[in-house]
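# Notes for the structure review
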Amino acid sequence: MSSRSRGKYWSASLLKQRGWTNELIRELLPKPHYIPCNGYSVRTWAKEDVRQAERDPRFHYPTKKENSSIRQSGISLSGTRRSHNMLSCVWQSAPHDNSSPWILAGHYHAALLNRLSSETTGGRGVRNSQAAAWVGEFLALEHRCDSKRLPDILKNFIRAGNWLGEHLDHPITQEVRDCYSQALLGAAKQVLSDFSSTQPEADAETLVRAPHFPFSLLLREGLPTVWSVWYVPQAIRNSLSLLIALNPKDEYPEARAMHRRFILHLGGTNTGKTYAGFQRLAHAKTGVYLAPLRLLALEAQETLLDAGIDCSLSTGEEEDLREADTHLAATAEKLDLRQRYDVAVIDECQMIADPQRGYAWTRAILGVLSPEIHLCAAPEAKELLIRLIEECGDSVDVELHRRTTPLVCMSHTVDYQRVQPGDALITFSKVGVLSVAEDLRQSGKEPAIIYGALPYATRRKQMEGFLNGDMKYIVSTDAIGMGLNLPIRRIIFMETEKFDGVERRDLKAEEIKQIAGRAGRFGMYNRGYVGATQNLTAIQAGLDMVVPPLEYAVVGFSDLVLQVDFDLLEVLTQWNQMPTVEPYRKLDITRYISIISKMREMGFLLTREQELRAANIPFDETEEALRELFFQFLHRWHKGVPIEQPGIPEGAPTLPELEQYYRKLDLYFSFAKAFNCPIDHDKLYDSREQVAEEINEILLYRLRSNIRFCSRCGKALPLHHRGRLCGTCFRRERKNGPR
């Protein structure tokens, strides 16, 4: 064939590359021209005739996948192609309207055509009876439809597609032409009816009209899955993106409209950084002090009250609100972003990277309405805090604070039985604190006791005993490290490992520095000392190590999530998955998910706002007694019955029972405040003081009777331990037999 002929005519091989089959050639093209080539006659067709025929709806261009399959297997796809073209013509010629059932039927039609286009072997070799049965089920959809069986019926109809294409003149095929659109419409009506019945909160009208509707997912899984897996997450993300700024700083427009001046006080423990900010706070007309601990907020309130300044207190567990107050001392989570202050002091700002509580510091720094803000932080927070401030468009001055008394690491280990007045012994478990304290007491040394589970009122009594000189020593956990300014001469580490709630690990350098920094209080000692009863090299290494700078600030969600009109759990999940800008990371929402899921599991029907309010109540949900009390309160409130203050344990309660009762009182107050329940504040105050006094009495005079020791080795047993042997001795006895 000459090059000139090739330009005007196309051969059969070229047509098949374009998707033509012998059946389509016979049906759509005129008789061929025969052109001699190398001694043979080659069938050809005029290019114009071919292109004209390809405009016919019965012709279907193959996809790349189909072309590949044709080349690899040589299988003819004429049946499915012709079936595809037939159904396409039938649908286009059927009368439609813009109602939801017709739109959904159109999605099913698009899904069927898509599958027919991708079928390469589907339906080949199907018996007439089998194809008739499948097609019959499909046509019956016009009058009756089982939504649960619909995906299987449609899949079988696709399997019959090749048979339909190969039997275009068959009566069954003609019936498909007549009833195809109405069958899909009948199915769509029933699917929408069932969907509205099972999910009345869902907006089916908006769902079926959503752009880029996933018709393939519809065919595979059904409309409920399209709603929950595709539409809801997408709608939530769209709503959140409109409500919540991508950059957290833009969530606080009032603060962005101000010019705020930050003074960044950087230094280690006992460097006077908080004191510097506090002095400015005391001279301001109005001000707020934000702390990580209730005890620090209470200490700040008392200091300001002693200076003649009206100061209120607000923490998650208690409040002391005064009518004529000008100042507020609070934990970081309790900041009111609507209130303006002349001066704000935010303490321990390195907490901004804490996965659970860091959001409160981020929120306070970005949103507090004050022209003068003092941030007190460890040195590793410097670069991160400056970055946040500058991105807000505010100014910042940096003040470095250094210890006025040197901190010296001792050169030898210490025998804790030979402690000296002013020493603080540090261990990282409550039972360790109590057993060491009892050992000291048996040798005539009276220690103050501090640990995290100790009620604040009792902790204050213990601190006052040490400050007054009634107690010469301290035994404490790492609770001593944050903000407790006590006249300590030496910090003695009894352990260099701690259990952090997940695993037992070595102390971090920043933990060692913060605790060790409590030694050598200015004005009382010329220098502070740090030692250990074992592994002194680990303590020395921690003191010498440079703590790496903080990399991110934790951000939480605001009440704006309540404006998204979907299930709260789904909204929180989508919020957590949405991106945020550097250097921010999302709050760990595991606790919120757990509490809200448990409330629903127990049958509580609450609004989104009530669910979020309940999940924000501060208590340890992993403690069974507190969790049960929380749901008791919630049940009574939900039934309209007043909640009551828990009663004190009967008889002679033990130390763990009294500590737990104090936590129950805290939960009672927090729940009542969250749900606006009446509180007898005098009764609550008296109960707290009574419990704190009883615990203090145990620590002072009855500690040994509240500690159990291993009958084999004498080691102190955990307070809730059952049995007479410690774990080590019990395993040894089981292995070797009793002595």
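A tally of helices and strands in the protein yields 30 helices and 21 strands. For the protein, the proportion of its 739 residues judged to be buried stands at 50%. A fraction of 72% describes how many contacts in the protein between residues 6 or more apart in sequence connect residues 24 or more apart. In the protein, 93 positive and 93 negative side-chain charges are present, and the distance between their average locations comes to 8 Å.

Taken as a whole and assessed by the stated rule, the structure comprises 20 aromatic pairs. Their ring planes at 25° and their centres at 6.3 Å tell us that phenylalanine 157 and tyrosine 180 sit as a pair that is stacked. In this pair, phenylalanine 157 sits in helix α9 (residues 150-159) while tyrosine 180 sits in helix α11 (residues 171-198), placing the two residues 23 residues apart along the sequence. The exposure class of phenylalanine 157 is buried, given its relative accessible area of 2%.

Bringing the sheet that holds strand β16 (residues 490-493) into the picture now. If you trace the 6 strands from one edge of the open sheet to the other, you get β12-β19-β16-β13-β15-β14, paired in parallel fashion. Whereas interior strands pair on both sides, the edge strands pair on one side only; in this sheet they are β12 (407-409) and β14 (447-450). On average, each strand axis in the sheet is tilted by 20° relative to the strand beside it, whichever way the strands run. Of the strand pairs in this sheet, β14 and strand β15 (residues 473-476) are connected by 4 bridges, and their pairing is parallel. Bridging from a neighbouring strand, proline 447 pairs with tyrosine 473 of β15. Each of β13 (423-426), β14 and β15 touches helix α20 (residues 430-442); the most contacted strand, β14, lies at about 175° to it. Across the sheet, helix α23 (residues 536-544) touches β12, β16 and β19 (528-532), and the angle it forms with β19 is around 135°.

What follows concerns the sheet that holds strand β9 (residues 343-346). Strand order across the open sheet formed by 8 strands is β7-β6-β8-β5-β9-β10-β4-β11, with mixed pairing between neighbours. Bordering the open sheet on either side are β7 (319-320) and β11 (395-400), each of which pairs with just one other strand. Running at roughly 160° to strand β10 (residues 372-377), helix α16 (residues 273-282) makes contact with β4 (261-266), β5 (287-291), β8 (327-331), β9 and β10 of the sheet.

Moving on, we get to unusual backbone geometry. Residues glutamate 582 and proline 583 are joined by a peptide bond in cis, for which omega reads 5°. For proline 583, the location among the structural elements is in the loop between α24 (568-577) and β21 (584-586). A positive phi is found at histidine 212, a non-glycine position, where the angle reads about 60°. Examined against the element boundaries, histidine 212 turns out to sit in the loop between α12 (204-208) and α13 (215-221). On the basis of relative accessibility, which here comes to 75%, the residue histidine 212 falls in the exposed class. Even without being a glycine, asparagine 535 presents a positive backbone phi close to 50°.

So, on to the pattern of salt bridges. Summed over all chains, the structure comprises 36 salt bridges. One salt bridge in this structure joins aspartate 394 and arginine 260, with 3.1 Å as the shortest N-O distance. With aspartate 394 in the loop between α19 (382-391) and β11 and arginine 260 in the loop between α15 (253-256) and β4, this residue pair connects regions lying 134 residues apart in the sequence. On the basis of relative accessibility, which here comes to 0%, the residue arginine 260 falls in the buried class. Between lysine 498 and aspartate 478 there is a salt bridge, with its nearest N and O atoms 2.7 Å apart. Of this pair, lysine 498 sits in strand β17 (residues 497-499) while aspartate 478 sits in the loop between β15 and β16, placing them 20 residues apart in sequence. Linked by salt bridges that have partners in common, Arg294, Glu318, Asp666 and Arg688 make up one network.

Turning next to the packing of helix α21 (residues 456-467) against helix α29 (residues 681-701). For any two helices packed against each other, one specifies the inter-axial angle together with the distance between the axes. Relative orientation of the contacting elements α21 and α29 amounts to 45°, with a least axis distance of 8 Å. On the basis of the axis angle, α21 is oblique to α29. Judged by the sense of rotation from one axis to the other, the crossing of α21 with α29 is right-handed. From α21, Ala457, Thr458, Lys461 and Gln462 reach across to α29, where they touch Glu689, Ala692, Glu693, Ile695, Asn696, Leu699 and Leu700. Taken together, the residues that form the contact of α21 with α29 break down as 5 nonpolar, 3 polar and 3 charged.

Take the pairing of β15 next. The two faces of β15 match: Tyr473 and Val475 on one face and Ile474 and Ser476 on the other face are all buried. Two elements, β13 and β15, share 3 bridges in a ladder whose sense is parallel. Of the residues in β15, the one forming a bridge with isoleucine 426 is serine 476. The parallel pair β14 and β15, bridged by α21, forms a crossover whose chirality is right-handed.

Attention shifts here to the packing of helix α14 (residues 223-243) against α24. At a closest axis distance of 9 Å, the pairing of α14 and α24 adopts a crossing angle of 70°. Judged by the inter-axis angle, α14 sits roughly perpendicular to α24. The hand of the α14/α24 crossing is right-handed. Residues Val232, Pro233, Ile236, Arg237 and Leu240 of α14 form the contact with α24, whose own contacting residues are Glu570, Val571, Gln574 and Trp575.

Attention shifts here to the environment of threonine 573. Take threonine 573: it is sitting in helix α24. Sequence separation between threonine 573 and isoleucine 236 is 337 residues, and the spatial gap between their C-alpha atoms is 9.7 Å. Look past the residues within four positions of threonine 573 in its chain and what remains in contact with it is Ile589 and Ile593.

Ranked by internal contacts, the top residues of the largest apolar core, which has 131 residues, are Phe138, Tyr180, Met599 and Phe630. Counting 86 residues, the second largest nonpolar core, distinct from the first, contains Ala344, Trp361, Cys392 and Ala519.

So, on to the confidence of the model for the protein. Residues of the protein with pLDDT of at least 70 account for 92%, and the chain-wide mean is 86. Low confidence marks residues 69-77, where pLDDT is under 50. Its contacts with residues over four positions away, or in another chain, come to 12 contacts.

Basis of the calculations
Residues numbered from 1 in each chain as written. Predicted model: local features only at pLDDT ≥ 70, side-chain atom pairs only at ≥ 80, totals over all residues. Heavy atoms only, no water. Helix = DSSP H or I, 4+ residues; strand = E, 2+ residues; numbered from the N terminus. Buried < 20%, exposed > 50% of the residue type's maximum accessible area, 1.4 Å probe, protein only. Contact = heavy atoms within 4.5 Å. Lys, Arg positive; Asp, Glu negative; His and termini not counted. Charge placed at Lys NZ, Arg CZ, Asp CG, Glu CD. Phe/Tyr/Trp six-rings, centres within 6.5 Å; stacked < 30°, edge-to-face > 60°. Pairing = 2+ DSSP bridges. Axes fitted to C-alpha atoms, helices over the stretch in contact; angles between N-to-C directions. Salt bridge = Lys/Arg side-chain N within 4 Å of Asp/Glu carboxyl O. Parallel < 35°, antiparallel > 145°, perpendicular 65-115°, else oblique. Left-handed = near helix turned anticlockwise from the far one by under 90°. Nonpolar A, V, L, I, M, F, W, Y, C, P; charged D, E, K, R; others polar. Right-handed = clockwise from strand over helix to strand, strands pointing away. Core = buried A, V, L, I, M, F, W, Y, C linked by side-chain atoms within 4.5 Å. pLDDT = per-residue confidence, 0-100.

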